[in-house]
Amino acid sequence: AFIAIKEKLKETGKSGAVVISKVSGEILTLVSTPSFDNNLFVEGGKRSDFGGDYKDVSSLIKDTEKNPLFNRSVSGDFAPGSVFKIVTALAALETGKITRGTTVMDTGEIKIGEYRFGNWYLDKYGKTEGNIDVVTALSRSNDIFFYKTGEALGVDLLINWSKKMGLGSLTGIDLFGEVDGFVPSPLWREKTLGDRWYLGNTYHLAIGQGDIMTTPLQINRMTAAVVSGKKCEPRMVGQGRCEDLGTSEVNRKIVLEGMKGACSPGGTAFPLFKYAGKIYCKTGTAQKGGKETVSNAWMSVVIPKGSNIDDWLVMTILLE
């Protein structure tokens, strides 16, 4: 699995990371690319069977563009984009702000004063999608639905549920170099930037944009927590602790229904349509600058493996 993933990422010419785990927290694959062989640093050291993308230490260190020594899977801070919407959806269902039957009219855009908050479908194709519920909103990754859902939740609940799902804190993996990511707040914004928190900031947070930052490992654990109701410590070796989050199975299944739709014809994960009905997923495109910059791409996939949800697999992919 490691070799296949590493080679596929190498084909794209992009830097990125892949995390595959069991819902229980057991890490099966942890990839950061471009990769290198640790044995390069050992005089006369034997190259591993996995090899690496660099022939010697000099070429490895000189690549300051792709930074191969940087472990993106646990040390990389990235805006999560729309993969975060599964948190917004579950939080709104759990707090009663929405139900399975709640609908929002997709207007294509929301304007607040001089600011515009658009949906990708209008911006890219000039179309809107009418009245949509949470399942359709997840499968279509509809920004308008999640702007309004984030507004209904309010910033405090959004922050609380982000942290409940493990964002903004260390996962506790048995590796060094992990960073804790960042979940913004009105207090942080006022103290650090000298600016108020506006409704537009809540809109951005509700779709995983703005100031929120996460690692691929955190998104992997977040995905597992949303679908299983348990937040587990990831482990390369052994078994970490799991915390029961007390979320409703009914609400988790609603989110899974939307994630199943994302991987089916009509959803946003078109490369995975051949697996329609067999897997669950959420896509994400996260801007890291203005319109002239290239976005980061995310995919978090849940693969059912038997009746015990602890054995289900979660695969999270980031392409820079």
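First, a word on what this report is: a plain description of the structure on this page. Starting from 1, residues in each chain are numbered consecutively following that chain's sequence as written. In keeping with the model being predicted, local features are shown solely for residues with a pLDDT of at least 70 and side-chain atom pairs are shown and tallied solely at 80 or more, while totals for entire chains, interfaces and linings include all residues. Computation of side-chain values: all heavy atoms of the structure, hydrogens and water removed.

### A short note on the packing of helix α11 (residues 216-228) against helix α12 (residues 249-262)
- Where α11 contacts α12, the two axes come as close as 7 Å, and the packing angle between them is 120°. Accordingly, the angle class assigned to the pair α11 and α12 is oblique. Between α11, through Thr223, Val226, Val227 and Ser228, and α12, the contact on the second element is made entirely by Arg252, Val255, Leu256 and Met259.
- Partitioned by chemical class, the residues of the contact of α11 with α12 number 5 nonpolar, 2 polar and 1 charged. All axes here are fitted lines through C-alpha atoms, helices being fitted over the stretch that makes contact, and every angle between N-to-C directions spans 0 to 180 degrees. Numbering of helices and strands runs from the N terminus; a helix is a DSSP stretch of H or I covering at least four residues, while a strand is a stretch of E covering at least two. Each angle receives one of four descriptions, namely roughly parallel if under 35 degrees, roughly antiparallel if over 145, roughly perpendicular if within 65 to 115, and oblique otherwise. Contact between two residues is taken to exist if any of their heavy atoms lie within 4.5 Å; hydrogens are not considered. Each residue gets one label: Ala, Val, Leu, Ile, Met, Phe, Trp, Tyr, Cys and Pro are nonpolar, Asp, Glu, Lys and Arg are charged, and the others, such as Gly, are polar.

### Here's the deal with unusual backbone geometry
- In this model, Thr33 is joined to Pro34 through a cis peptide bond whose omega is 5°.
- For Asn67, which is not glycine, the phi torsion reads 45° and is therefore positive.
- With respect to the element layout, Asn67 can be found in the loop between α2 (57-62) and α3 (72-75).
- For Ser141, which is not glycine, the phi dihedral falls at a positive 50°.
- Mapping Ser141 onto the fold places it in the loop between α6 (134-140) and α7 (143-153).
- Here Ser141 falls in the buried class, since its relative accessible area comes to 5%. When a residue's accessible area, from a 1.4 Å probe over protein chains only, is under 20% of the maximum for its type it is buried; when over 50% it is exposed; and in between it is partly exposed.

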